[in-house]
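Given next are the chains, with one letter for each unit.
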Amino acid sequence: MKVDVNFQVCESNGLCAGAAPQVFDLDDDDTLHLLRSTVTPDIEEQVRDAVRQCPRRAIVLAE
Ligand code: SF4
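Residues numbered from 1 in each chain as written. Predicted model: local features only at pLDDT ≥ 70, side-chain atom pairs only at ≥ 80, totals over all residues. Heavy atoms only, no water.

Some thoughts on the site of the ligand
Reasoning step 1: By nearness alone, every residue bordering the ligand is listed as Cys10, Glu11, Ser12, Asn13, Gly14, Leu15, Cys16, Leu32, Cys54, Arg56, Ala58 and Ile59.
Reasoning step 2: When atoms are counted within 2 Å of each cavity's grid points, the one that captures over half of the ligand is the largest cavity. (Near = heavy atom within 4 Å. 1 Å grid on protein atoms, 1.4 Å probe; cavity = no way out; pocket = protein on both sides within 12 Å on 5 of 7 lines; lining within 4 Å. Sits in = over half its atoms within 2 Å of the grid points.)

The structure is reproduced here in structure tokens:
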């Protein structure tokens, strides 16, 4: 599974970084970075939680 972020709608509130810190990182300038694009089974639930928490629906999952 792949994950991506639509940075055009992301508001950099960092909720996804709290849910899945191995995948999302908010830097000191409040810029969100995608640390990896491949979702392995061990982090899938965290990433799905990040998707649920994102108020902008900016996180996209693809098989
Ligand atoms: S939760 Fe959504 S809006 Fe917030 S930083 Fe993550 S991708 Fe952006």
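Here the narrative resumes, following the displayed structure.
Notes on helix H2 (residues 41-53)
Reasoning step 1: The end-to-end C-alpha distance of H2, which contains 13 residues, comes to 19 Å, matching closely the 18 Å that a straight helix rising 1.5 Å per residue would cover.
Reasoning step 2: Every buried residue of H2 is accounted for by Ile43, Val47 and Ala50. Down the axis of H2, the buried set is contained in an arc of 50°. They therefore lie on one face. Turned more than 90 degrees away from the buried face of H2 sit Pro41, Glu45 and Arg52, all of them exposed. (Helix = DSSP H or I, 4+ residues; strand = E, 2+ residues; numbered from the N terminus. Expected span 1.5 Å × (residues − 1). Buried < 20%, exposed > 50% of the residue type's maximum accessible area, 1.4 Å probe, protein only. Arc of directions from axis to C-beta.)

As for the nonpolar core
Reasoning step 1: Ranked by size, the top nonpolar core spans 16 residues in total, and within it Val3, Val23, Phe24, Val47, Ala50 and Ile59 carry the most contacts.
Reasoning step 2: Elements that contribute at least two residues to this core include exactly strand S1 (2-5), helix H1 (15-19) and H2. (Core = buried A, V, L, I, M, F, W, Y, C linked by side-chain atoms within 4.5 Å.)

A look at empty space enclosed by the protein
Reasoning step 1: Taken as a whole and assessed by the stated rule, the structure comprises 1 cavity of 30 Å³ or more.
Reasoning step 2: Empty space within the largest cavity amounts to approximately 90 Å³.
Reasoning step 3: Surrounding the largest cavity, 14 residues form its lining, Cys10, Ser12, Asn13, Cys16 and Cys54 being those nearest its centre.
Reasoning step 4: Of the residues that constitute the lining of the largest cavity, the class distribution is 9 nonpolar, 3 polar and 2 charged. (Points joined across faces, edges and corners; volume = space filled by probe spheres on them. Nonpolar A, V, L, I, M, F, W, Y, C, P; charged D, E, K, R; others polar.)

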